[in-house]
Every structure is written in structure tokens, then in C-alpha cells.
Amino acid sequence: MIKKLLGGTALFLLASSAFASECEATVESNDAMQFNTKNVTIPASCTEFTVTLKHTGQLPKQSMGHNWVMTTKENGQPVATDGMSAGLDNDYIKPGDDRVIGATDIIGGGEQTSTTFSVEGLSKDEEYMFFCSFPGHIGVMKGTVTLSS
Ligand code: ZN
């Protein structure tokens, strides 16, 4: 590493930033009600994980808002259903919902947000998912969260 650094190679910089981003992921969303990925992988070595959500569209959050919410697979739909009743003021998440492992605010086009949550209580024996809790979006805006060793 040091040898490469002294050499001033770009390789070192690439390796360095890849290391730093192990415990974080960026997910994009758009005006077509889509995430740009169907899976987020969390290395089991992380104690915390950060997800940055970008909305690359232009529509306001009132009509095409998105968030990134992580729950177990079985809790996804119930959390989204309760979130619908909670409304935009609560970012479509029932206040104090302890089934939520991590969740960002709802954002509109051109905005970005992030959430950092603890990974330590997660189990490889459990199935996890992420989704957008904006009413009606979970049908297409969802994916799996995998714990890797
Ligand atoms: Zn959405």
C-alpha cells in the first residue's frame, strides 16, 4: 500500500475509497417509481451501515416521494400498511415502529437523504427486505437485504 501511495497511483485511491465504503450503500430512485437495485448487501463485519437514498427525478415528494425502509421480510407489508395511515408528516412510517430496522425521510426529485442503523442485532438466519413506504410503492419498489460474511 505504502509503496503504491508513494508512487502516487490511482489504484491506491480506488482501493482506499472501496474500503471506506464497505459499510454504506447508495440507492437511487426516480420518477418512474423504481429503485436502481434489487439487493443491498451488508457485510457482517460492519457494526453500523449507512444507506444514502437519491431521488434522480423531478417530481415533488407529495406525488412521487420515496424513502428507503428496511425490515424483516415478513414485517415489510405490515409496516408499509401502517405507514400509509401515518401520512407524509411522519414520512409514511408509524411513529416509534420498532419493526423498522432503518429508514430515511421521504424525499422528492433532486433530493437525497441517508440513514445509519446498527447491524449488530441482525441474523443471517433471518430474511430482510427494503422498500419504499410511500402509499402504493412497495409493490414495485422493494428488494432484498443480504448479510454477507
Ligand atoms: Zn416511492
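Note that the structure is a prediction, hence the values are computed from the model and not measured. (Residues numbered from 1 in each chain as written. Predicted model: local features only at pLDDT ≥ 70, side-chain atom pairs only at ≥ 80, totals over all residues. Heavy atoms only, no water.)

Caption draft 1: Highlighting the overall build of the chain. Along its length, the chain carries four helices and eight strands. Going from the N terminus to the C terminus, the chain shows its helices and strands as α-α-β-β-β-α-β-α-β-β-β-β. When each of the 149 residues of the chain is scored for burial, the buried share is 40%. Pairs at least 24 residues apart make up 74% of the contacts formed inside the chain by residues separated by at least 6 positions. Within the structure as shown, the chain displays about 8,200 Å² of accessible surface, and the carbon and sulfur contribution to it stands at 51%. (Helix = DSSP H or I, 4+ residues; strand = E, 2+ residues; numbered from the N terminus. Buried < 20%, exposed > 50% of the residue type's maximum accessible area, 1.4 Å probe, protein only. Contact = heavy atoms within 4.5 Å. Areas by Shrake-Rupley, 256 points an atom, 1.4 Å probe, with all protein chains shown as cover.)

Caption draft 2: Fine view of the pattern of salt bridges. Under the counting rule described, the total for this entry stands at three salt bridges. The partner of Lys-94 in a salt bridge is Asp-82, with the nearest N and O atoms 3.8 Å apart. In this pair, Lys-94 is assigned in the loop between helix 4 (76–86) and strand 5 (102–103) and Asp-82 in helix 4, connecting sequence segments twelve residues apart. For Arg-99, the salt bridge is made with Asp-82, and the minimal N-O distance between the two is 2.7 Å. Of this pair, Arg-99 sits in the loop between helix 4 and strand 5 while Asp-82 sits in helix 4, and the two are 17 residues apart along the sequence. Each of the salt bridges in this network shares a partner with another, and the network as a whole consists of Asp-82, Lys-94, Asp-97 and Arg-99. (Salt bridge = Lys/Arg side-chain N within 4 Å of Asp/Glu carboxyl O.)

Caption draft 3: Structural view of the nonpolar core. If you look at the biggest cluster of nonpolar residues, it comprises 24 residues, and the most contacted ones within it are Phe-35, Ile-42, Phe-49, Trp-68 and Met-70. Of all the elements in the fold, those that place two or more residues in this core are strand 1 (24–29), strand 2 (39–43), strand 3 (48–55), strand 7 (128–131) and strand 8 (142–148). Among the elements that line this core, the one with the most residues is strand 3, at three residues. Once residues within four sequence positions are removed from consideration, Ile-42 is found in contact with Phe-49, Met-70, Phe-117, Val-119, Leu-122, Val-145, Thr-146, Leu-147 and Ser-148. Val-69, Ala-80, Val-100 and Phe-131 belong to the second largest nonpolar core, which has eight residues in total. (Core = buried A, V, L, I, M, F, W, Y, C linked by side-chain atoms within 4.5 Å.)

Caption draft 4: Fine view of the pairing of strand 3. Here strand 3 lies mainly inside the structure; six of its eight residues are buried. Sheet topology note: the strand 1/strand 3 ladder contains six bridges and is parallel. Along strand 3, the bridge assignment pairs Glu-24 with Thr-50. As paired strands, strand 3 and strand 6 (residues 112–118) are joined by seven bridges and run antiparallel to one another. Residue pairing for strand 6: Val-51 is matched across the bridge by Thr-115. (Pairing = 2+ DSSP bridges.)

Caption draft 5: Looking closely at the sheet that holds strand 7. Spatial ordering of the open sheet is given by 2-8-7-4-5, a layout of five strands whose pairing is mixed. Among the strands making up the open sheet, the edge pair consists of strand 2 and strand 5. Both strand 7 and strand 8 contribute to a ladder of four bridges, which runs antiparallel. Residue pairing in the sheet places Tyr-128 in a bridge with Val-145 of strand 8.

Caption draft 6: Spatial organisation of the coordination of the zinc ion. For the zinc ion, every protein donor is listed as His-66 (ND1), Cys-132 (SG) and His-137 (ND1), and the spread of their distances is 2.0 to 2.2 Å. Coordination of the zinc ion draws on donor residues from a single chain, spaced H-x65-C-x4-H in sequence. Taken together, the positions of His-66 in the loop between helix 3 (61–64) and strand 4 (69–72) and Cys-132 in the loop between strand 7 and strand 8 put the pair 66 residues apart, joining distant regions of the chain. Exposure remark for His-66: the relative accessible area of 0% places this residue in the buried category. (Donors = N, O, S within 2.8 Å, 3.2 Å for Na, K, Ca; no water.)

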